[in-house]
Amino acid sequence: MDIKIENLTKKFGAQRAVNNISFDVKPGEILGFLGPNGAGKTTTMKMITGFMLQDEGTIIIGGESMLDSENDLKRNIGYLPENNPLYLEMPVIDYLIYCAELQGINRGDVMNRVREMVRICGINAEKHKKIGELSKGYRQRVGLAQAMIHDPDILILDEPTTGLDPNQIVEIRKLIRELGREKTVILSTHILPEVEATCDRILIINDGKIVADGTSDSLRKQAQGHDIIGVKIEDGEKNKIFRALQELSSVSVVDFVDQQDNRFQVQGKPKTSTQRDIFNMCVKNKWIITEMMLIETNLEDVFRNLTTKINSN
Amino acid sequence: MKLIWIIARRELSVFFDSLIAYVMLILFLGFSGFFTWLYGSDIFLIGQASLRSFFSIAYWTLFFFIPALTMRLLAEEKRSGTIELLLTKAVTDRQVVLGKFLSAFLLIALALAFTLPYVITVSSIGNMDTGGVLCGYLGLLLMSGVYISIGLFASSLTRNQIVAFLTALFIGLFFHIIFNVLAGSITGMTGKIFNILSLSTHFESISRGVIDTKDLIYFLSIMVLGVFLSEVALSKRNIGNA
């Protein structure tokens, strides 16, 4: 089932928590929702899952509008909310049975589904305990189990890996990747490596608006108009080299990295051959380049660029 | 309907797992038993094979116990955030509210069922008015329904259980005695309206053995109103960050 979101808006008082956003997600796609705190990620997810009503815009899931057939559509959605709220006083198994029944699974299949979820989420050892007695990681697994118990076509996961240890994070990511092959998955997070590791597509939201949409590679390329190059140039006086670098037409900013070592960080202008210019300059002055490397812009820089630019405007 | 029952069953199991149900049953049976059989204007003092004293005690004990049962129904889910999980399952707000109402109602019905030995004992002492007793139980059930719907509404307003408890008691107090007092002290149309609003008037007429449609409509309409308002309060999440 695909999700199509058009001009979605949600206001809390005068503040627009979600401001006219549109995007769509296809089956077999894992969409990463990225954004600073309070950007509107959770609110968008709450609207997609039917917990909250939008003020404007439409949510169309599998060709049907959420407003018209909310209850049929809810059956196709598995949701793991932020902070993973669970009934702490209930035993794990009872809770999963309860969720299965609420989602309308046939009486005969309930136990099969519960058993399968216990296996997939690896909660076999803890299944008879009360949820309140479990560690945070296991609670997160129970949260995932309840989201997937009715085998939904759509999974909405709000920060699914918070509170897990590194091993568990890897496992959960692997699980999400596997599920994402046939399901439509939206997951929100502010852990950037997580998005790169799990998501096919990234949507960056800031102040209720979409500021970027694409794969992690394409986002990186967008930001890579100006490369950052690290160079070490020897056999010359460092201030002279510095000035020479600055005078190159393809260089916008030069910075010392290490005063002793003649290391510089050079930021090139977009669409110029900065590396070649530096090389030619050194040849001309008989300086020797002992190091030159392209410092790759990582997703974090992209993220910071996109989300702070807007704020300062 | 099936979904309402699934929700009600879980709520009931919470009542029993958390000992609330046992405490409530023991206190209710203890209080009503003590005042029906041992102390005050008990059966032996009156000297009649009648459960009148039991009904008037239960009238007061239920008034205090029901808010204690209903206070957590929605407030707790709102505080812990589980309401979000519940409402994003394939259930409607109405089914959730009705399921919670049903769970408290069934628990009260169970408590009343445990007083059936009183009926058997009294009927063996003398000539008991069976119809009157049945009507008394009906009155208690209807009254419980009203206070549960009020309690549920109070619980839907807040995420704090104590606030829910006190709000329920406060609203309940109007129906329980204040309207009655006002009806007695004000004459004319206003007095009549207060008399109609007073729960005790309707409860007394039913527990005397007279089932009037007016009384039934009164009880049922407050129940429906309470459940409806709880649903409205739940849907308030759509306009704010509740």
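So, a few notes on the structure that sits alongside this text. Not measured: the values here are computed from a predicted model.

### Some thoughts on the overall build of chain A
Reasoning step 1: Looking only at helices and strands, chain A has eleven helices and 14 strands in total.
Reasoning step 2: A compact globule built from 313 residues would reach a C-alpha radius of gyration of about 20 Å, whereas chain A, at 25 Å, exceeds it by more than 25%.
Reasoning step 3: With the C-alpha coordinates aligned to their principal axes, the bounding extent of chain A is approximately 85 × 45 × 35 Å.
Reasoning step 4: Sequence-distant contacts, at least 24 apart, represent 68% of the contacts inside chain A between residues at least 6 apart.
Reasoning step 5: Of the roughly 14,800 Å² of accessible surface on chain A, a fraction of 46% belongs to carbon and sulfur atoms.
Reasoning step 6: Taking the average place of the 40 positive charges on the side chains of chain A and the average place of its 45 negative ones, the gap between the two points comes to 2 Å.

### Considering the overall build of chain B
Reasoning step 1: The helix and strand tally for chain B stands at twelve helices and zero strands.
Reasoning step 2: Mapped from its N terminus to its C terminus, chain B presents α and β elements in the order α-α-α-α-α-α-α-α-α-α-α-α.
Reasoning step 3: Against the compact-globule benchmark of 18 Å for 242 residues, chain B has a radius of gyration of 19 Å, which places it among compact chains.
Reasoning step 4: Along the longest, intermediate and shortest principal axes, the C-alpha atoms of chain B span 60 × 45 × 30 Å.
Reasoning step 5: Per-residue burial for chain B yields a buried fraction of 52% across its 242 residues.
Reasoning step 6: Sequence-distant contacts, at least 24 apart, represent 76% of the contacts inside chain B between residues at least 6 apart.
Reasoning step 7: Accessible surface computed for chain B: about 10,800 Å², of which carbon and sulfur atoms make up 72%.
Reasoning step 8: Separation between the mean location of the 16 positive side-chain charges and that of the 12 negative ones in chain B comes to 7 Å.

### With respect to helix H12 (residues 213-235) of chain B
Reasoning step 1: Along its 23 residues, H12(B) runs 32 Å from first to last C-alpha, staying within 8% of the 33 Å computed at 1.5 Å per residue.
Reasoning step 2: Looking at where H12(B) begins, the residue whose side-chain oxygen comes 3.1 Å from the main-chain nitrogen of Lys214(B) is Asp212(B).

### Details of the sheet that holds strand E11 (residues 228-234) of chain A
Residues and elements named next belong to chain A.
Reasoning step 1: The four strands are arranged E12-E13-E11-E14 in an open sheet whose pairing can be described as antiparallel. Edge positions in the sheet fall to strand E12 (251-258) and strand E14 (288-295), since each has one partner strand and no second. Averaged over all pairs of adjacent strands, the angle between strand axes in this sheet comes to 25°, irrespective of strand direction.
Reasoning step 2: When E12 meets strand E13 (residues 263-268), the two strands line up antiparallel, connected through six bridges. Following the sheet pairing, Val251 is matched in E13 by Gly268.

### Some remarks on the pattern of salt bridges
Any two side chains of opposite charge can pair, so long as their charged atoms come close to each other.
Reasoning step 1: A complete count under the given rule lists 24 salt bridges over all chains for this structure.
Reasoning step 2: Among the ionic pairs, Asp151(A) bridges to Lys183(A), the shortest N-O distance being 2.7 Å. Placement of Asp151(A) in the loop between helix H5 (136-148) and strand E7 (154-158) and of Lys183(A) in the loop between helix H6 (166-180) and strand E8 (184-189) is noted, with a sequence separation of 32 residues between them.
Reasoning step 3: With a relative accessible area of 45%, Asp151(A) lands in the partly exposed category.
Reasoning step 4: Between Arg237(B) and Asp93(B) there is a salt bridge; the shortest N-O distance is 3.1 Å. Taken together, the positions of Arg237(B) in the segment after H12 and Asp93(B) in helix H6 (residues 93-113) put the pair 144 residues apart, joining distant regions of the chain. Asp93(B) matches Arg237(B) in its accessibility class, with the two residues each being buried.
Reasoning step 5: When salt bridges with common partners are traced through the structure, they connect Glu89(A), Arg10(B), Glu11(B), Arg72(B), Glu77(B) and Lys100(B) into a single cluster.

### Here's the deal with the interface of chain A and chain B
Interfaces are frequently sized by the accessible area removed from exposure as the parts join.
Reasoning step 1: Across the boundary between the two partners, chain A contributes 26 residues, which contact 25 residues of chain B.
Reasoning step 2: It is Phe51(A), Tyr87(A) and Leu102(A) in chain A that bury the most area against chain B; as a group they hold 27% of the surface buried on that side.
Reasoning step 3: Counting the contacts that link chain A with chain B gives three salt bridges.
Reasoning step 4: Its salt-bridge partner being Arg9(B), residue Glu101(A) comes within 2.5 Å of it at the nearest N-O pair.
Reasoning step 5: At the junction of chain A with chain B, the criterion picks out twelve residue pairs in polar contact (both at pLDDT 80 or more).
Reasoning step 6: Going through the elements one at a time, strand E1 (3-12), helix H2 (70-74) and helix H3 (92-102) of chain A are the ones with two or more residues in the side of chain A that touches chain B.

### Digging into the packing of helix H8 (residues 130-157) of chain B against helix H9 (residues 161-185) of chain B
Residues and elements named next belong to chain B.
Reasoning step 1: The contact between H8 and H9 brings their axes to 8 Å, and the two run at 140°. Viewed along their axes, H8 and H9 form a crossing whose handedness is right-handed. Here Tyr147, Ile150, Gly151, Phe153, Ala154, Ser155 and Leu157 of H8 lie close against H9, whose contacting residues are Ala164, Thr167, Ala168, Ile171, Gly172, Phe175 and His176.
Reasoning step 2: In the contact of H8 with H9, the residues fall into nine nonpolar, five polar and no charged.

### Brief notes about unusual backbone geometry
All names here are of chain A.
Reasoning step 1: You will see that Asn20, though not glycine, has its phi angle at about 55°, which is positive.
Reasoning step 2: Checked against the element boundaries, Asn20 lands in strand E2 (residues 15-25).
Reasoning step 3: The phi dihedral of Asp151 is positive, around 50°, even though this residue is not glycine.

### Focus on the pairing of E11(A)
All names here are of chain A.
Reasoning step 1: In terms of burial, E11 is largely enclosed, as five of its seven residues are buried.
Reasoning step 2: Looking at chain direction, E11 and E14 are connected through seven bridges and run antiparallel. Bridge pairing in E14 places Gly230 opposite Met293.

### Some thoughts on the packing of H8(B) against helix H11 (residues 199-207) of chain B
All names here are of chain B.
Reasoning step 1: With their axes 7 Å apart at the nearest point, H8 and H11 run at an angle of 155° to one another. The angle between H8 and H11 places the two elements in the roughly antiparallel class. When you trace H8 past H11, the crossing you get is right-handed. Where H8 approaches H11, its residues Gly132, Cys135, Gly136, Gly139, Leu140, Leu142, Met143, Val146 and Tyr147 are matched on the opposing element by Leu199, Phe203, Ile206 and Ser207.
Reasoning step 2: Considered class by class, the residues forming the contact of H8 with H11 number nine nonpolar, four polar and no charged.

### Remarks on the environment of Tyr147(B)
Residue and element names in this part refer to chain B.
Reasoning step 1: Inspection of the secondary structure assignment puts Tyr147 in helix H8.
Reasoning step 2: C-alpha separation for the pair Tyr147 and Phe65, spaced 82 residues apart in sequence, amounts to 9.7 Å.
Reasoning step 3: Filtering out sequence-adjacent residues up to four positions away, Tyr147 remains in contact with Phe63, Ile66, Gly172, Phe175, His176 and Leu199.
Reasoning step 4: One polar contact links Tyr147 to His176, side chain to side chain, over a distance of 2.6 Å.

The rules we used
Just so you know, the residues in each chain are numbered from 1, in the order the chain's sequence is written. Ligands are numbered from 1 and chains lettered from A, in the order in which they are written. Predicted model: local features are reported for residues with pLDDT of at least 70 only, side-chain atom pairs are reported and counted for 80 or more only, and whole-chain, interface and lining totals are derived from all residues. Water and hydrogen atoms play no part in the side-chain values, which are based on all heavy atoms of the structure. Numbering of helices and strands runs from the N terminus; a helix is a DSSP stretch of H or I covering at least four residues, while a strand is a stretch of E covering at least two. The globule rule used here is 2.2 Å times the number of residues to the 0.38 power, and the radius of gyration it is set against is calculated over C-alpha atoms. Working rule for contacts: check all heavy atoms of both residues, and any pair within 4.5 Å makes them a contact. Surface exposure here means Shrake-Rupley accessible area, sampled with a 1.4 Å probe, where a residue is shielded only by the protein chains that are shown. Working convention for charge: Lys and Arg count positive, Asp and Glu count negative, and His plus the chain ends are omitted. A charge is said to be at NZ when it belongs to Lys, at CZ for Arg, at CG for Asp and at CD for Glu. Think of it in three bands: residues with accessible area under 20% of the maximum for their type are buried, residues over 50% are exposed, and the middle band is partly exposed, with areas taken using a 1.4 Å probe on protein chains only. The span you would expect from a helix comes to 1.5 Å times its residue count less one. Definition of a polar contact: a pair of N or O atoms within 3.5 Å, with one able to donate and the other able to accept a hydrogen when the atoms are protein atoms, and with sequence-neighbouring residues admitted only if both atoms are side-chain atoms. Criterion used throughout: strands pair if DSSP finds at least two bridges between them. Whenever a helix is involved, its axis is fitted only over the stretch in contact; in every case the axis is a line through C-alpha atoms, and angles between N-to-C directions fall within 0 to 180 degrees. Any carboxyl oxygen of Asp or Glu that lies within 4 Å of a side-chain nitrogen of Lys or Arg is treated as forming a salt bridge with it. Here the quantity called buried area is the accessible surface, traced with a 1.4 Å probe, that two parts lose on coming together, added over both. If you view the pair so one helix is near and one far, a crossing is left-handed when the near helix is turned anticlockwise from the far one by less than a right angle, and right-handed when it is turned clockwise. Side-chain classes follow a simple rule in which Ala, Val, Leu, Ile, Met, Phe, Trp, Tyr, Cys and Pro form the nonpolar group, Asp, Glu, Lys and Arg form the charged group, and the remainder, Gly included, forms the polar group. Angles are sorted into four bins: roughly parallel if under 35 degrees, roughly antiparallel if over 145, roughly perpendicular if 65 to 115, and oblique for all others.

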